Amino acid sequence: MGVEPQILENEEARLLKKFVDDLAYPSHCRFCQGLDLSNPNPIHHPSYELTPACNHDCIFCYSNVAVKLGKAPKPGYYGWDNPNAITVSQYGEPLISPRIIEVNRILRKRFPEARLDLQTNGSLLTEELWEKLDFDLVMISLDAASREKHLEITNADTFDNVVNALRIVGRDKSVRSIVRTIFMPGINDEDIPKIAELAASLGVDEMMLQPLTIHKLNGERLREAGLDFERAESVRELLKVAMEAKKYIDVRISGCLLVQLKRMDALTLYNVYKVSREVSPLVKRKKLDEIEKSNT
Ligand code: SF4
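Not measured: the values here are computed from a predicted model. (Residues numbered from 1 in each chain as written. Predicted model: local features only at pLDDT ≥ 70, side-chain atom pairs only at ≥ 80, totals over all residues.)

Novice: Tell me what's going on with the pairing of strand E5 (residues 137-141), and back it up with residues and numbers.
Specialist: With five of five residues buried, E5 lies mostly within the body of the structure. Residues of E5 alternate between two faces, with Leu137, Met139 and Ser141 on one and Val138 and Ile140 on the opposite face, all of them buried. As judged from the four bridges shared by strand E4 (residues 115-120) and E5, these two strands associate in the parallel manner. Opposite Gln119, over in E5, you have Met139 as the bridge partner. As for the winding sense of the linkage, the β-α-β connection from E4 through helix H5 (residues 127-132) to E5 is right-handed. Here E5 pairs with strand E6 (residues 176-183) via five bridges, running parallel. For Met139, the partnering residue across the bridge sits in E6 and is Ile178. (Buried ≥ 20, exposed ≤ 12 C-beta atoms within 10 Å, placed from the backbone. Helix = DSSP H or I, 4+ residues; strand = E, 2+ residues; numbered from the N terminus. Pairing = 2+ DSSP bridges. Right-handed = clockwise from strand over helix to strand, strands pointing away.)

Novice: Would you mind going over the packing of helix H2 (residues 11-22) against helix H11 (residues 235-245) in detail, with residue names and values included?
Specialist: Look at H2 against H11: their axes get within 11 Å of each other, and the N-to-C directions meet at 70°. Classified by the angle their axes make, H2 and H11 are roughly perpendicular. Our pair here, H2 against H11, has a crossing hand that is left-handed. Within the contact between the two elements, H2 uses Leu16, Phe19 and Val20 and H11 uses Arg236, Leu239 and Met243. Tallied by class, the residues present in the contact of H2 with H11 amount to five nonpolar, no polar and one charged. (Axes fitted to C-alpha atoms, helices over the stretch in contact; angles between N-to-C directions. Parallel < 35°, antiparallel > 145°, perpendicular 65-115°, else oblique. Left-handed = near helix turned anticlockwise from the far one by under 90°. Contact = placed C-beta atoms within 7 Å. Nonpolar A, V, L, I, M, F, W, Y, C, P; charged D, E, K, R; others polar.)

This is the structure in structure tokens:
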């Protein structure tokens with residue numbers, strides 16, 4: 001006697017599939033080549049790099065790895081003419097730089113049609129500074145729901161400042177505000193729904209939940225902090241946490257991963273693992289010096 005097909009169905013797998021089908025792409029991922037599966041070598045949005053330095057020292061950070069390997073990009077614009085979106089910045093903490101306001105102005109003038117995205121750890125954002133900045137989208141990193149856990153992950157006692165930054169941008173309805181959170185099971189999986197609830201209570205529009213990429217030089221720090229390496233690579237575990245967070249906020253997961261998940265059937269989603277190991281983070285875009293010269 002054959003097995004009835006419905007017996008092989010898995011209720012949890014079906015829920016994951018429905019969740020993935022309904023999930024929207026992160027606002028930040030719009031226009032990124034990572035969403036185009038026909039592109040064999042997609043590259044990230046153009047970015048303006050201000051500094052590889054950061055006042056946080058996060059246990060998972062690829063920017064730290066790049067600095068240690070001497071591969072961090074020098075300050076400047078990495079992209080092309082007529083960009084649809086520019087990230088400030090992909091490496092380091094842009095608000096450390098005294099040039100942030102000037103660079104923001106240069107980019108707005110030189111690329112008036114482009115969406116300008118600020119990516120920051122939020123710890124240095126004040127009302128006064130926010131009034132001088134002009135971005136369309138802002139992503140603030142927060143990976144813990146308590147001061148103690150935040151200190152463990154970032155090695156900086158800045159939890160209250162980051163929460164205040166989320167409050168500042170959450171109140172400003174002229175900007176798309178996003179809390180950016182990295183999934184680190186064993187370290188912060190229980191924090192993620194709480195971060196979602198906190199961010200939503202502050203008026204933040206979206207959570208961008210990202211899988212962890214484990215760089216060789218960070219592996220030991222992540223192990224010591226309690227990372228569950230197997231669950232970190234499980235798509236099912238990532239989706240389960242995203243479903244919890246979705247109860248509070250408009251959660252999205254990285255577009256270049258989501259675009260692949262949307263093509264999978266329920267049982268594949270349930271069983272698939274994402275390879276999360278990389279040796280060295282590199283910028284694949286060319287530096288364009290001319291944008292500075294034309295504006296000085
Ligand atoms: S998460 Fe992926 S799709 Fe989104 S901006 Fe980054 S590289 Fe592009």
